[in-house]
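# Observations on the model geometry
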Amino acid sequence: GGAVLPPAIVEAMRQASEACVRMSDLQEAASRIIAEATGAEAGIVVSGAAAALTLGTAACLTGLDVNRMNRLPDTEGFPNEIIVHRTHRNDYDHALRAAGAKFVEVGYYYYTFEYEVESAISERTAAMFYQAGVPAGAIPFEAFVRIARKHSLPVIVDAAAELPPVSNLRYFSEAGADIVAYSGGKHLRGPQASGILCGRADLILSAALQHQDMDVFPESWPLRQLIAKGKVLGPPHHGIGRGCKAGKEEIVGLLTAIQLYRTRDFAAELAVWQNDMETIARAASGFAGVRAHVALPQTGGKETPNAVVALDPTVAGKSANDVIIALEEGDPPICVSETQA
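Residues numbered from 1 in each chain as written. Predicted model: local features only at pLDDT ≥ 70, side-chain atom pairs only at ≥ 80, totals over all residues. Heavy atoms only, no water.

The next subject is the packing of helix 1 (residues 7-17) against helix 11 (residues 248-261). Their axes nearest at 8 Å, the elements helix 1 and helix 11 cross at an angle of 145 degrees. Both helix 1 and helix 11 take part in a crossing whose hand is right-handed. Contacts between helix 1 and helix 11 pair Ala8, Ile9, Ala12, Met13, Ala16 and Ser17 from the former with Lys248, Glu249, Glu250, Val252, Gly253, Thr256, Ala257 and Leu260 from the latter. A class-by-class count of the residues in the contact of helix 1 with helix 11 yields 8 nonpolar, 3 polar and 3 charged. (Axes fitted to C-alpha atoms, helices over the stretch in contact; angles between N-to-C directions. Helix = DSSP H or I, 4+ residues; strand = E, 2+ residues; numbered from the N terminus. Left-handed = near helix turned anticlockwise from the far one by under 90°. Contact = heavy atoms within 4.5 Å. Nonpolar A, V, L, I, M, F, W, Y, C, P; charged D, E, K, R; others polar.)

So, about the packing of aromatic side chains. Across all of its chains, the model carries 10 aromatic pairs by this definition. Ring centres of Tyr130 and Phe141 lie 5.1 Å apart, and the angle between their planes is 65 degrees; this geometry places the pair in the edge-to-face category. Here Tyr130, found in strand 4 (residues 125-131), pairs with Phe141, found in helix 7 (residues 141-150); they are 11 residues apart in sequence, far enough to count as distant. The exposure classification of Tyr130 matches that of Phe141, with both residues buried. Ring geometry for Tyr261 versus Phe266: centroids 5.0 Å apart, planes at 65 degrees, classification edge-to-face. Take Tyr261: its relative accessible area is 3%, and that puts it in the buried class. Judged by relative accessible area, which is 23%, Phe266 ranks as partly exposed. Ring-pair connections join several aromatic residues into one group, and the members of that group are Tyr130, Phe141, Phe144, Tyr171 and Phe172. (Phe/Tyr/Trp six-rings, centres within 6.5 Å; stacked < 30°, edge-to-face > 60°. Buried < 20%, exposed > 50% of the residue type's maximum accessible area, 1.4 Å probe, protein only.)

What follows is about the packing of helix 3 (residues 49-62) against helix 9 (residues 201-209). Contact pair helix 3 / helix 9: the axes reach a minimum separation of 8 Å and the direction vectors enclose 110 degrees. One way to sum up the angle between helix 3 and helix 9 is to call them roughly perpendicular. Where helix 3 approaches helix 9, its residues Leu55, Ala59, Cys60 and Thr62 are matched on the opposing element by Leu203, Ser206 and Ala207. Grouping the constituent residues of the contact of helix 3 with helix 9 by class yields 5 nonpolar, 2 polar and no charged. (Parallel < 35°, antiparallel > 145°, perpendicular 65-115°, else oblique.)

Judged by pairing direction, the sheet is mixed, and its 7 strands sit side by side in the order 1-7-6-5-4-2-3 without closing on themselves. On the outer flanks of this sheet lie strand 1 (42-46) and strand 3 (102-106), each paired with one strand and no other. Strand-to-strand twist in this sheet, taken as the mean axis angle between neighbours without regard to direction, amounts to 25 degrees. Bridge analysis of strand 6 (residues 179-183) against strand 7 (residues 195-199) gives 5 bridges, and the strand direction is antiparallel. Bridge pairing in strand 7 places Ile179 opposite Gly199. Packing against the sheet, helix 3 makes contact with strand 1, strand 2 (81-85), strand 4, strand 5 (155-158), strand 6 and strand 7, and its axis sits at approximately 170 degrees to strand 6. (Pairing = 2+ DSSP bridges.)

The next point concerns a nonpolar patch on the surface. Together, Tyr108, Tyr110, Tyr111, Phe113 and Tyr115 make up an exposed nonpolar region whose accessible area comes to about 650 Å². The topology assignment puts Phe113 in the loop between strand 3 and helix 6 (114-119). (Patch = residues over 30% accessible without salt bridge, like charges linked within 9 Å, V, L, I, M, F, W, Y side chains within 5 Å. Areas by Shrake-Rupley, 256 points an atom, 1.4 Å probe, with all protein chains shown as cover. Salt bridge = Lys/Arg side-chain N within 4 Å of Asp/Glu carboxyl O.)

Among the secondary structure elements, Ala19 is positioned in the loop between helix 1 and helix 2 (23-38). Exposure remark for Ala19: the relative accessible area of 37% places this residue in the partly exposed category. Taking the C-alpha atoms as reference points, Ala19 and Glu249, separated by 230 residues in sequence, lie 9.5 Å from one another.

Structure representation (C-alpha coordinates):
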(Lines give C-alpha, C1' and ligand atoms only; values in the text may rest on other atoms or scores of the structure.)
Protein backbone atom coordinates (compact mmCIF):
# COMPACT_ATOMS: atom_id res chain seq x y z
CA GLY A 1 0.00 0.00 0.00
CA GLY A 2 2.98 2.34 -0.04
CA ALA A 3 4.65 4.44 2.64
CA VAL A 4 2.73 6.31 5.31
CA LEU A 5 1.88 9.83 4.13
CA PRO A 6 3.57 12.73 5.93
CA PRO A 7 1.15 14.70 8.16
CA ALA A 8 1.48 17.86 6.04
CA ILE A 9 0.25 15.98 2.96
CA VAL A 10 -2.65 14.40 4.84
CA GLU A 11 -3.68 17.85 6.10
CA ALA A 12 -3.47 19.34 2.61
CA MET A 13 -5.70 16.57 1.28
CA ARG A 14 -8.17 17.09 4.12
CA GLN A 15 -8.43 20.78 3.30
CA ALA A 16 -8.86 19.98 -0.39
CA SER A 17 -11.72 17.63 0.45
CA GLU A 18 -13.65 20.56 1.93
CA ALA A 19 -13.36 22.75 -1.18
CA CYS A 20 -15.11 22.88 -4.54
CA VAL A 21 -13.08 23.74 -7.61
CA ARG A 22 -13.25 23.44 -11.38
CA MET A 23 -10.82 20.62 -12.12
CA SER A 24 -9.38 22.25 -15.23
CA ASP A 25 -8.48 25.30 -13.13
CA LEU A 26 -6.82 23.12 -10.50
CA GLN A 27 -4.86 21.23 -13.15
CA GLU A 28 -3.76 24.53 -14.67
CA ALA A 29 -2.36 25.57 -11.29
CA ALA A 30 -0.79 22.13 -10.91
CA SER A 31 0.88 22.57 -14.29
CA ARG A 32 2.77 25.63 -13.10
CA ILE A 33 4.10 23.85 -10.00
CA ILE A 34 5.04 20.72 -11.95
CA ALA A 35 6.76 22.75 -14.67
CA GLU A 36 8.86 24.61 -12.12
CA ALA A 37 9.86 21.38 -10.35
CA THR A 38 10.62 19.29 -13.44
CA GLY A 39 11.88 21.81 -15.99
CA ALA A 40 9.15 20.74 -18.42
CA GLU A 41 6.85 23.19 -20.18
CA ALA A 42 3.72 21.88 -18.49
CA GLY A 43 2.28 19.01 -16.46
CA ILE A 44 -0.83 17.40 -15.02
CA VAL A 45 -1.60 15.11 -12.10
CA VAL A 46 -3.13 11.74 -12.98
CA SER A 47 -3.96 8.56 -11.10
CA GLY A 48 -0.49 7.01 -11.33
CA ALA A 49 2.59 6.57 -13.50
CA ALA A 50 0.86 3.92 -15.63
CA ALA A 51 -1.99 6.35 -16.25
CA ALA A 52 0.58 8.98 -17.21
CA LEU A 53 2.10 6.62 -19.78
CA THR A 54 -1.31 5.85 -21.31
CA LEU A 55 -2.21 9.53 -21.53
CA GLY A 56 1.22 10.57 -22.78
CA THR A 57 1.04 7.94 -25.50
CA ALA A 58 -2.49 9.01 -26.43
CA ALA A 59 -1.24 12.58 -26.77
CA CYS A 60 1.57 11.49 -29.11
CA LEU A 61 -0.86 9.45 -31.20
CA THR A 62 -3.47 12.17 -31.63
CA GLY A 63 -1.93 15.56 -31.02
CA LEU A 64 -4.87 17.98 -30.93
CA ASP A 65 -6.87 16.07 -33.55
CA VAL A 66 -10.17 15.51 -31.71
CA ASN A 67 -11.37 12.98 -34.28
CA ARG A 68 -8.36 10.81 -33.52
CA MET A 69 -8.98 11.30 -29.80
CA ASN A 70 -12.51 10.01 -30.20
CA ARG A 71 -11.27 6.89 -32.02
CA LEU A 72 -8.61 5.65 -29.60
CA PRO A 73 -7.57 2.89 -29.11
CA ASP A 74 -8.44 2.41 -32.80
CA THR A 75 -5.39 3.82 -34.59
CA GLU A 76 -5.88 2.35 -38.04
CA GLY A 77 -5.02 4.82 -40.76
CA PHE A 78 -2.64 7.12 -38.89
CA PRO A 79 0.86 6.73 -37.36
CA ASN A 80 0.66 4.36 -34.40
CA GLU A 81 4.09 2.76 -34.05
CA ILE A 82 6.43 3.44 -31.14
CA ILE A 83 10.09 2.49 -31.36
CA VAL A 84 11.51 0.80 -28.27
CA HIS A 85 14.71 -0.99 -27.30
CA ARG A 86 14.11 -4.73 -26.98
CA THR A 87 15.70 -4.56 -23.53
CA HIS A 88 13.14 -1.90 -22.51
CA ARG A 89 10.12 -4.15 -23.02
CA ASN A 90 8.38 -5.14 -19.79
CA ASP A 91 4.88 -5.82 -18.48
CA TYR A 92 4.39 -2.15 -17.59
CA ASP A 93 4.50 -1.15 -21.25
CA HIS A 94 0.91 -2.44 -21.47
CA ALA A 95 0.08 1.12 -20.39
CA LEU A 96 1.33 2.42 -23.74
CA ARG A 97 -0.25 -0.34 -25.79
CA ALA A 98 -3.59 0.34 -24.11
CA ALA A 99 -3.77 3.67 -25.96
CA GLY A 100 -3.57 1.87 -29.29
CA ALA A 101 0.18 2.00 -29.89
CA LYS A 102 2.12 -0.81 -31.54
CA PHE A 103 5.73 -1.39 -30.52
CA VAL A 104 8.59 -1.79 -32.96
CA GLU A 105 11.53 -3.40 -31.15
CA VAL A 106 15.14 -2.63 -31.99
CA GLY A 107 18.46 -4.08 -30.88
CA TYR A 108 19.31 -6.99 -28.64
CA TYR A 109 19.33 -7.45 -24.90
CA TYR A 110 23.10 -7.08 -24.74
CA TYR A 111 23.59 -4.24 -27.26
CA THR A 112 21.84 -1.86 -29.64
CA PHE A 113 23.38 0.18 -32.45
CA GLU A 114 22.17 3.70 -33.20
CA TYR A 115 21.56 2.76 -36.83
CA GLU A 116 19.08 0.09 -35.68
CA VAL A 117 16.99 2.75 -33.97
CA GLU A 118 17.11 5.11 -36.94
CA SER A 119 16.40 2.36 -39.49
CA ALA A 120 13.18 1.43 -37.67
CA ILE A 121 11.67 4.88 -38.24
CA SER A 122 9.01 5.08 -40.96
CA GLU A 123 5.91 7.05 -41.91
CA ARG A 124 4.03 4.89 -39.38
CA THR A 125 6.19 6.03 -36.46
CA ALA A 126 4.36 8.17 -33.91
CA ALA A 127 6.89 8.33 -31.06
CA MET A 128 9.92 6.77 -29.40
CA PHE A 129 9.87 5.19 -25.94
CA TYR A 130 12.68 4.98 -23.38
CA GLN A 131 12.56 2.98 -20.15
CA ALA A 132 14.70 4.92 -17.70
CA GLY A 133 16.98 3.02 -15.35
CA VAL A 134 17.68 0.15 -17.80
CA PRO A 135 21.02 0.98 -19.47
CA ALA A 136 21.99 -2.56 -20.50
CA GLY A 137 21.40 -3.15 -24.19
CA ALA A 138 20.25 0.42 -24.85
CA ILE A 139 21.93 3.41 -26.45
CA PRO A 140 22.43 6.42 -24.14
CA PHE A 141 19.37 8.60 -23.63
CA GLU A 142 21.03 11.63 -25.20
CA ALA A 143 21.71 9.68 -28.39
CA PHE A 144 18.14 8.40 -28.43
CA VAL A 145 16.83 11.97 -28.16
CA ARG A 146 19.18 13.15 -30.89
CA ILE A 147 17.77 10.58 -33.32
CA ALA A 148 14.21 11.52 -32.37
CA ARG A 149 14.92 15.21 -32.94
CA LYS A 150 16.38 14.49 -36.36
CA HIS A 151 13.05 12.93 -37.37
CA SER A 152 10.78 15.33 -35.42
CA LEU A 153 9.46 12.52 -33.20
CA PRO A 154 8.42 12.88 -29.55
CA VAL A 155 10.24 10.88 -26.87
CA ILE A 156 8.23 9.24 -24.08
CA VAL A 157 10.10 8.33 -20.87
CA ASP A 158 8.95 5.97 -18.15
CA ALA A 159 10.67 7.40 -15.06
CA ALA A 160 8.15 5.99 -12.60
CA ALA A 161 10.77 4.66 -10.19
CA GLU A 162 13.71 6.93 -11.05
CA LEU A 163 13.68 8.94 -7.81
CA PRO A 164 16.22 9.00 -6.20
CA PRO A 165 18.46 10.54 -7.37
CA VAL A 166 16.71 13.84 -6.91
CA SER A 167 18.35 15.20 -10.07
CA ASN A 168 16.20 12.85 -12.16
CA LEU A 169 13.15 14.99 -11.44
CA ARG A 170 14.56 17.50 -13.95
CA TYR A 171 17.07 15.49 -15.95
CA PHE A 172 14.79 13.87 -18.53
CA SER A 173 12.92 17.03 -19.50
CA GLU A 174 16.11 19.06 -19.62
CA ALA A 175 17.79 16.34 -21.71
CA GLY A 176 15.05 16.57 -24.35
CA ALA A 177 12.19 14.24 -23.36
CA ASP A 178 8.79 15.35 -24.66
CA ILE A 179 6.72 13.27 -22.22
CA VAL A 180 7.86 11.97 -18.81
CA ALA A 181 5.90 9.85 -16.33
CA TYR A 182 6.68 9.75 -12.60
CA SER A 183 5.02 7.95 -9.74
CA GLY A 184 3.42 10.28 -7.20
CA GLY A 185 4.19 7.84 -4.40
CA LYS A 186 7.54 6.08 -3.89
CA HIS A 187 10.32 8.58 -3.14
CA LEU A 188 8.08 11.62 -3.61
CA ARG A 189 5.89 10.24 -0.79
CA GLY A 190 2.72 11.70 -2.27
CA PRO A 191 -0.61 9.85 -2.53
CA GLN A 192 -0.19 6.33 -3.90
CA ALA A 193 -3.03 6.85 -6.39
CA SER A 194 -1.26 9.75 -8.11
CA GLY A 195 1.30 10.34 -10.82
CA ILE A 196 2.97 13.14 -12.75
CA LEU A 197 2.79 13.57 -16.50
CA CYS A 198 5.03 16.41 -17.66
CA GLY A 199 6.42 17.55 -20.97
CA ARG A 200 5.68 19.70 -23.99
CA ALA A 201 2.77 22.06 -23.48
CA ASP A 202 0.88 20.92 -26.59
CA LEU A 203 1.13 17.25 -25.60
CA ILE A 204 0.05 17.97 -22.03
CA LEU A 205 -2.95 19.87 -23.41
CA SER A 206 -3.84 16.86 -25.55
CA ALA A 207 -3.53 14.56 -22.53
CA ALA A 208 -5.71 16.88 -20.46
CA LEU A 209 -8.42 16.92 -23.13
CA GLN A 210 -8.39 13.13 -23.19
CA HIS A 211 -8.94 12.60 -19.48
CA GLN A 212 -10.94 15.54 -18.14
CA ASP A 213 -14.73 15.70 -18.01
CA MET A 214 -16.20 16.45 -21.44
CA ASP A 215 -19.92 16.82 -20.70
CA VAL A 216 -19.76 20.19 -22.45
CA PHE A 217 -21.04 22.09 -25.49
CA PRO A 218 -18.81 24.15 -27.80
CA GLU A 219 -20.55 27.46 -27.04
CA SER A 220 -20.05 27.27 -23.26
CA TRP A 221 -16.96 25.08 -23.04
CA PRO A 222 -14.47 26.70 -20.60
CA LEU A 223 -11.73 26.05 -23.18
CA ARG A 224 -13.73 27.41 -26.13
CA GLN A 225 -10.87 29.80 -26.91
CA LEU A 226 -9.08 26.76 -28.34
CA ILE A 227 -11.80 26.59 -30.98
CA ALA A 228 -11.61 30.31 -31.66
CA LYS A 229 -7.84 30.09 -32.12
CA GLY A 230 -8.19 27.16 -34.51
CA LYS A 231 -6.29 24.73 -32.28
CA VAL A 232 -9.15 22.21 -32.09
CA LEU A 233 -12.35 21.67 -34.08
CA GLY A 234 -14.37 21.41 -30.88
CA PRO A 235 -14.41 19.58 -27.56
CA PRO A 236 -13.72 15.85 -27.85
CA HIS A 237 -15.97 13.28 -26.23
CA HIS A 238 -14.84 11.49 -23.06
CA GLY A 239 -11.36 10.25 -23.92
CA ILE A 240 -9.45 7.05 -23.48
CA GLY A 241 -7.88 8.48 -20.34
CA ARG A 242 -11.12 9.21 -18.50
CA GLY A 243 -10.30 6.45 -16.03
CA CYS A 244 -6.91 8.08 -15.36
CA LYS A 245 -8.29 11.11 -13.56
CA ALA A 246 -7.13 12.17 -10.10
CA GLY A 247 -9.40 13.78 -7.54
CA LYS A 248 -8.76 17.19 -6.07
CA GLU A 249 -7.44 15.54 -2.90
CA GLU A 250 -4.79 13.55 -4.79
CA ILE A 251 -3.83 16.58 -6.87
CA VAL A 252 -3.32 18.82 -3.85
CA GLY A 253 -1.58 16.02 -1.94
CA LEU A 254 0.89 15.43 -4.76
CA LEU A 255 1.58 19.12 -5.26
CA THR A 256 2.29 19.39 -1.54
CA ALA A 257 4.67 16.44 -1.82
CA ILE A 258 6.49 18.15 -4.71
CA GLN A 259 6.91 21.31 -2.67
CA LEU A 260 8.09 19.37 0.40
CA TYR A 261 10.57 17.49 -1.78
CA ARG A 262 12.71 20.60 -1.99
CA THR A 263 13.07 20.84 1.79
CA ARG A 264 13.75 17.20 2.70
CA ASP A 265 17.11 16.09 4.15
CA PHE A 266 17.86 13.21 1.79
CA ALA A 267 21.22 12.43 3.40
CA ALA A 268 19.53 11.97 6.77
CA GLU A 269 16.81 9.81 5.21
CA LEU A 270 19.41 7.63 3.51
CA ALA A 271 21.25 7.19 6.81
CA VAL A 272 18.04 5.97 8.48
CA TRP A 273 17.36 3.50 5.64
CA GLN A 274 20.95 2.26 5.79
CA ASN A 275 20.74 1.69 9.53
CA ASP A 276 17.43 -0.15 9.16
CA MET A 277 18.82 -2.45 6.47
CA GLU A 278 22.00 -3.14 8.47
CA THR A 279 19.88 -4.03 11.51
CA ILE A 280 17.89 -6.54 9.44
CA ALA A 281 21.00 -8.01 7.85
CA ARG A 282 22.76 -8.47 11.21
CA ALA A 283 19.73 -10.13 12.77
CA ALA A 284 19.11 -12.43 9.81
CA SER A 285 22.75 -13.50 9.72
CA GLY A 286 22.39 -14.90 13.21
CA PHE A 287 20.42 -17.91 11.96
CA ALA A 288 22.00 -21.10 10.69
CA GLY A 289 22.06 -21.36 6.92
CA VAL A 290 21.35 -17.65 6.41
CA ARG A 291 23.64 -15.09 4.76
CA ALA A 292 22.72 -11.42 4.58
CA HIS A 293 24.32 -8.19 3.48
CA VAL A 294 23.33 -4.64 2.52
CA ALA A 295 23.62 -3.68 -1.15
CA LEU A 296 24.11 0.03 -1.94
CA PRO A 297 23.61 0.77 -4.71
CA GLN A 298 21.32 -2.12 -5.55
CA THR A 299 22.26 -4.45 -8.40
CA GLY A 300 20.11 -2.37 -10.77
CA GLY A 301 21.95 0.82 -9.74
CA LYS A 302 19.19 2.22 -7.52
CA GLU A 303 20.69 4.57 -4.91
CA THR A 304 18.79 3.08 -1.97
CA PRO A 305 20.04 0.36 0.42
CA ASN A 306 18.66 -3.13 0.03
CA ALA A 307 18.98 -5.93 2.60
CA VAL A 308 19.76 -9.09 0.64
CA VAL A 309 19.03 -12.33 2.50
CA ALA A 310 19.99 -15.73 1.07
CA LEU A 311 19.03 -19.10 2.59
CA ASP A 312 20.60 -22.53 2.30
CA PRO A 313 17.50 -24.72 2.81
CA THR A 314 19.59 -27.80 3.62
CA VAL A 315 20.98 -26.00 6.68
CA ALA A 316 18.18 -23.59 7.56
CA GLY A 317 15.47 -26.24 7.25
CA LYS A 318 13.29 -23.79 5.32
CA SER A 319 13.33 -22.46 1.79
CA ALA A 320 13.19 -18.77 0.91
CA ASN A 321 9.56 -19.24 -0.17
CA ASP A 322 8.74 -20.81 3.22
CA VAL A 323 10.06 -17.71 4.97
CA ILE A 324 8.35 -15.31 2.56
CA ILE A 325 4.97 -16.98 3.09
CA ALA A 326 5.45 -17.09 6.87
CA LEU A 327 6.21 -13.36 6.92
CA GLU A 328 3.16 -12.57 4.78
CA GLU A 329 0.88 -14.67 6.98
CA GLY A 330 2.14 -13.10 10.20
CA ASP A 331 0.47 -10.39 12.25
CA PRO A 332 1.25 -7.81 11.03
CA PRO A 333 2.02 -9.21 7.57
CA ILE A 334 5.50 -8.37 6.26
CA CYS A 335 6.03 -8.39 2.50
CA VAL A 336 9.47 -8.64 0.90
CA SER A 337 10.80 -8.80 -2.64
CA GLU A 338 11.27 -12.39 -3.79
CA THR A 339 14.29 -11.55 -5.93
CA GLN A 340 17.25 -9.29 -5.39
CA ALA A 341 16.39 -5.90 -6.91
